[in-house]
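Chain by chain, the residues:
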Amino acid sequence: MGVHGVKAVFFDLDNTLVDTAAAGRRAIEEGADGRPLSVQVINALQSKHHYGEGEARLICDKVQAKLLKECHDPAKMCITDLRISHWEEAIQETMGGEANRDLAAECYFLWKTTRLQHLTLAEDTRGMLTELRKGLRLLLLTNGDKQTQREKIEACACQPYFDAIVVGGEQKEEKPAPSIFHYCCDLLGVQPAECVMVGDSLDTDIQGGLNAGLKATVWLNKAMTTPVDISPVPHYIISSVLDLPAVLQKMEHKINDKLGTDHTGGSNE
């Protein structure tokens with residue numbers, strides 16, 4: 001599938017190609033052996049402090065809240081230390097007493113392992129990427145900590161579907177800085193005006209694509225409850241990443257119409 005004027009599509013990873021948020025929730029709710037994670041956490045907590053089920057559930061809820069509000073600066077702390085701290089704080093806030101780093105680390109690695117097991121690239125998404133790649137160059141562009149993002153990429157086995165993979169944590173600047181988009185263009189040997197960015201974040205994916213002068217930005221808005229004054233304004237809005245081929249087709253029709261208009265000297269007949 002080729003589109004006139006479009007040579008490459010950049011895809012965001014988290015909550016665009018894979019449902020990271022859902023995987024994180026399931027990691028809280030369900031353990032690696034199929035039992036609720038709270039039960040596994042209770043077992044770990046009971047063996048050390050005789051915690052109860054209600055206390056363990058409250059700890060899990062607190063960690064989930066901390067993850068949603070998380071701000072990570074890799075220059076100050078590695079992501080592993082930060083997330084162990086989430087568990088450490090949640091345990092201390094719930095139970096009081098002295099902090100227990102070892103117990104927090106045990107809970108964190110249990111959560112992390114389970115989340116990675118739940119990260120999958122859906123079969124229909126794989127099929128779409130395979131079809132798109134027949135006529136376009138595809139690149140995965142994700143912000144985030146190098147180790148964390150590389151682990152996710154490996155867990156969902158998405159490498160074969162892309163011509164290149166770029167992780168923000170490995171670059172000087174992340175999305176929405178134009179530099180990382182221009183680096184991606186150089187990797188693929190294309191110009192910004194030949195590229196489309198697809199992602200769920202207005203602040204990083206859409207703003208970044210606009211900053212870099214890409215041909216088009218496509219915002220994945222699963223809720224499809226669009227605010228009246230969205231900013232920045234994407235070129236296209238979709239409710240599922242599977243709607244992308246239709247958007248690319250629409251772009252091709254627009255370009256063909258323009259070419260036809262130009263060819264006839266501006267006549268609309």
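For the structure, check the block above.
Below or above, wherever it landed, is the structure these notes cover. (Residues numbered from 1 in each chain as written. Predicted model: local features only at pLDDT ≥ 70, side-chain atom pairs only at ≥ 80, totals over all residues. Heavy atoms only, no water.)

### Some remarks on the overall build of the protein chain
Then step 1. In terms of regular secondary structure, the protein chain is built from ten helices and six strands.
Then step 2. Contacts in the protein chain between residues far apart in sequence, at least 24 positions, make up 62% of those at least 6 positions apart. (Helix = DSSP H or I, 4+ residues; strand = E, 2+ residues; numbered from the N terminus. Contact = heavy atoms within 4.5 Å.)

### Regarding the nonpolar core
Then step 1. Formed by 35 residues in total, the largest nonpolar core has its most connected members in Val9, Phe11, Leu129, Leu140, Phe162, Val196 and Leu244.
Then step 2. Counting only elements with at least two residues in this core, the list comes to strand 1 (8–11), helix 6 (123–132), strand 2 (137–142), strand 3 (164–167), strand 4 (195–199), strand 5 (216–220), strand 6 (236–238) and helix 10 (244–263).
Then step 3. When residues of this core are assigned to their parent elements, the largest contribution, four residues, is made by helix 10.
Then step 4. Ignoring sequence-local partners within four residues, the contact set of leucine 129 consists of Phe11, Leu17, Leu121, Leu138, Tyr161 and Phe162. (Core = buried A, V, L, I, M, F, W, Y, C linked by side-chain atoms within 4.5 Å. Buried < 20%, exposed > 50% of the residue type's maximum accessible area, 1.4 Å probe, protein only.)

### Some details on the pattern of salt bridges
Then step 1. Within this structure, the stated rule accounts for 15 salt bridges.
Then step 2. A salt bridge links arginine 137 to aspartate 163; its shortest N-O distance comes to 3.8 Å. Within this pair, whereas arginine 137 is found in strand 2, its partner aspartate 163 is found in the loop between helix 7 (146–155) and strand 3, the two being separated by 26 residues in sequence.
Then step 3. Ionic contacts of the salt-bridge type, sharing partners, join the residues Lys62, Lys66, Glu89 and Glu93 into one network. (Salt bridge = Lys/Arg side-chain N within 4 Å of Asp/Glu carboxyl O.)

### Overview of the sheet that holds strand 1
Then step 1. The parallel open sheet is built from six strands, whose spatial order is 3-2-1-4-5-6. The open sheet has two free edges, formed respectively by strand 3 and strand 6, since each of these has just one partner strand. Between one strand axis and the next, the sheet turns through 20° on average, direction left out of account.
Then step 2. Bridge analysis of strand 1 against strand 2 gives four bridges, and the strand direction is parallel. Counterpart to alanine 8 in the pairing with strand 2 is arginine 137.
Then step 3. Along the sheet face, helix 7 touches strand 2 and strand 3 and points at about 145° away from the line of strand 3. (Pairing = 2+ DSSP bridges. Axes fitted to C-alpha atoms, helices over the stretch in contact; angles between N-to-C directions.)

### Here's the deal with the packing of aromatic side chains
Then step 1. Summed over all chains, the structure comprises three aromatic pairs.
Then step 2. Taking the centre distance of 6.2 Å and the plane angle of 70° together, the rings of phenylalanine 11 and phenylalanine 162 count as edge-to-face. You can see phenylalanine 11 sitting in strand 1 and its partner phenylalanine 162 sitting in the loop between helix 7 and strand 3, a full 151 residues away along the chain. As far as burial versus exposure is concerned, phenylalanine 11 and phenylalanine 162 are alike and both buried. (Phe/Tyr/Trp six-rings, centres within 6.5 Å; stacked < 30°, edge-to-face > 60°.)

### Considering the environment of arginine 150
Then step 1. In this fold, arginine 150 is placed in helix 7.
Then step 2. Arginine 150 sits in the partly exposed class, given a relative accessible area of 31%.
Then step 3. Between the C-alpha atom of arginine 150 and that of isoleucine 165, which follows or precedes it by 15 residues, the distance is 9.6 Å.
Then step 4. Each residue touching arginine 150, except ones within four places of it in the same chain, is listed here: Ile165, Val167 and Glu170.

### Some thoughts on helix 9 (residues 202–211)
Counting along an α-helix, one turn takes 3.6 residues, and residues three or four places apart therefore face a common direction.
Then step 1. Within helix 9, burial applies to Leu202, Asp205, Ile206, Gly208 and Gly209.
Then step 2. If you check the start of helix 9, you find a side-chain oxygen 3.3 Å away from the backbone N of aspartate 203, and it comes from serine 201.
Then step 3. Of the residues flanking the end of helix 9, it is glycine 213, one or two places downstream, whose phi is positive at about 75°. (Polar contact = N/O pair within 3.5 Å; in protein donor to acceptor, adjacent residues only side chain to side chain.)

### Some words on the packing of helix 4 (residues 79–95) against helix 5 (residues 101–118)
Then step 1. At a minimum axis separation of 8 Å, helix 4 and helix 5 run at an interaxial angle of 115°. Note on packing geometry: the crossing formed by helix 4 with helix 5 is right-handed. When helix 4 is examined against helix 5, the residues Thr80, Asp81, Arg83, Ile84, Ser85, Trp87, Glu88 and Ile91 are found in contact with a partner set consisting of Arg101, Leu103, Ala104, Ala105, Cys107, Tyr108, Phe109, Trp111 and Arg115.
Then step 2. The residue inventory of the contact of helix 4 with helix 5, partitioned by class, reads ten nonpolar, two polar and five charged. (Left-handed = near helix turned anticlockwise from the far one by under 90°. Nonpolar A, V, L, I, M, F, W, Y, C, P; charged D, E, K, R; others polar.)

### So, the environment of valine 6
Then step 1. Summarising the element assignment, valine 6 is placed in the segment before strand 1.
Then step 2. The exposure class assigned to valine 6 is buried, which follows from its relative accessible area of 4%.
Then step 3. Valine 6 sits 246 residues away from glutamate 252 along the chain, and the two C-alpha atoms are 8.7 Å apart.
Then step 4. Leave out the neighbours within four places in its chain, and valine 6 touches Leu136, Glu194, Val196, Lys215 and Met251.

### Here we look at the side chain of asparagine 143
Then step 1. Along the chain, asparagine 143 turns up in the loop between strand 2 and helix 7.
Then step 2. There is a polar contact of 2.9 Å between the side chain of asparagine 143 and the backbone nitrogen of lysine 175.
Then step 3. In contact with asparagine 143, not counting residues within four places along its chain, are Gln149, Gly168, Glu174, Lys175 and Thr204.

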